[in-house]
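Results of the structural survey
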Amino acid sequence: MANPKNKNVIDVYSWPTPNGHKVHIMLEECGYRLDRDWIAHPIDIGAGDQFAPKFLKISPNNKIPALVDPNGPDGKPISIFESGAILLYLASKTGKLLPKSDRAKFEVLQWLMFQMGGVGPMLGQAHHFRIYAPEKIDYAYNRYTNEAKRLYGVMDKRLQHSKFIGGNSYSIADIAIFPWLRSWQNQGIDWADYPHLKAWFDLIAARPAVQRGVQVLADLRKPLQDDKAKDVLFGATQFAKR
């Protein structure tokens, strides 16, 4: 899957979800511009585009986003899946948004892993059981709502002593976390409980590249209401052997 018109353009196969927006924001922050330096190819995850054989070749876990760079590290095309890996790849390629010193770099990376292992999966479960589950299961609803609040508390405490999530400089850790917090209402969050995190959130939201990034493909996403789309995302279609 590649762009036949311009061999130097990065192809991004994505959808307007938090994980998709991470990569959209990162590209814009790195100085790449949509439709000039990179193209967003919509993968409608409610319609099942993620199961197409061509997409599975670059994203074997059938998840968005995935990236194809015609100019990889050795001058040859490279495909990358997993949003965290893509952030690291772009930071390495451009020399931006990841500190150079080992101490500062690993401080950022631990918070990137915090997002990948905690914020994303747990807030995703909060969304599912609070909004999409076909029946309200009190145990799951309360467990993931409380976990969302715990994670927000961890970040709020961190930001009492640090300007940004990963340290004193804006980094891929901030880019990874921010899109997940845009749905704070769906997670049962009251911003009044997390004043330091809210101040950080507003600071990141005001960045021009962030504002451009969260608009990418946004007009294509519709509320998840029909049963077919829910089956694709959460039911038998998702678990079919391929």
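On a predicted model such as this, the values are computed, not experimentally measured, just so you know. (Residues numbered from 1 in each chain as written. Predicted model: local features only at pLDDT ≥ 70, side-chain atom pairs only at ≥ 80, totals over all residues. Heavy atoms only, no water.)

Here we look at the overall build of the chain
The number of helices and strands found in the chain is ten helices and four strands. Reading the secondary structure of the chain in the N-to-C direction produces β-α-β-α-β-β-α-α-α-α-α-α-α-α. By the compact-globule yardstick of 18 Å for 242 residues, the chain fits well, its C-alpha radius of gyration being 18 Å. Principal axes of the C-alpha set define a box for the chain whose edges measure 50 × 45 × 30 Å. Buried residues in the chain amount to 48% of all 242 residues. Considering only intrachain contacts with a sequence separation of at least 6, the fraction spanning at least 24 residues in the chain is 67%. Taken as a whole, the chain presents about 12400 Å² of accessible surface, with 52% of it coming from carbon and sulfur. Side chains of the chain give 32 positive and 24 negative charges; the mean places of these two sets differ by 4 Å. (Helix = DSSP H or I, 4+ residues; strand = E, 2+ residues; numbered from the N terminus. Rg over C-alpha atoms; globule rule 2.2 N^0.38 Å. Buried < 20%, exposed > 50% of the residue type's maximum accessible area, 1.4 Å probe, protein only. Contact = heavy atoms within 4.5 Å. Areas by Shrake-Rupley, 256 points an atom, 1.4 Å probe, with all protein chains shown as cover. Lys, Arg positive; Asp, Glu negative; His and termini not counted. Charge placed at Lys NZ, Arg CZ, Asp CG, Glu CD.)

Notes on the packing of aromatic side chains
Per the counting criterion, the structure on display carries nine aromatic pairs. On the basis of an interplanar angle of 65° and a centroid distance of 6.4 Å, the ring pair of Phe178 and Trp200 is categorised as edge-to-face. Of this pair, Phe178 sits in helix α6 (residues 172-181) while Trp200 sits in helix α7 (residues 195-205), and the two are 22 residues apart along the sequence. The residues Phe178 and Trp200 share a single accessibility class, namely buried. (Phe/Tyr/Trp six-rings, centres within 6.5 Å; stacked < 30°, edge-to-face > 60°.)

Observations concerning the nonpolar core
Within soluble globular proteins, side chains that are nonpolar generally end up buried alongside one another. Judged by nonpolar contacts, the single largest core of 59 residues is most densely connected at Met26, Tyr152, Met155, Ile172, Leu181, Leu197 and Trp200. Sorting the residues of this core by element identifies β1 (10-14), α1 (18-29), β2 (38-42), α3 (83-94), α4 (102-132), α5 (138-158), α6 and α7 as the ones contributing at least two each. Contact partners of Tyr152, with chain neighbours within four places excluded, come to Leu123, Trp180, Leu181, Trp184, Gln187, Ile189, Trp191, Tyr194 and Leu197. Counting nine residues, the second largest nonpolar core, distinct from the first, contains Tyr13, Trp15, Ile45 and Phe55. (Core = buried A, V, L, I, M, F, W, Y, C linked by side-chain atoms within 4.5 Å.)

Things to note about the side chain of His24
Its place among the elements puts His24 in helix α1. A polar side-chain atom of His24 sits 2.7 Å from a polar atom in the side chain of Ser14. Within the structure, the side chain of His24 is placed 3.2 Å from the side chain of His21, a separation counted as a polar contact. (Polar contact = N/O pair within 3.5 Å; in protein donor to acceptor, adjacent residues only side chain to side chain.)

What to know about α5
If you check α5, its first and last C-alpha atoms are 30 Å apart, about what 21 residues at 1.5 Å a residue would give, namely 30 Å. Along α5, the positions that sit buried rather than exposed are Ala140, Tyr144, Thr145, Glu147, Ala148, Leu151, Tyr152, Met155, Asp156 and Arg158. Those residues of α5 that are buried lie in contact with α4, α6 and α7. (Expected span 1.5 Å × (residues − 1).)

By themselves, these are just geometric observations and shouldn't be taken as functional.
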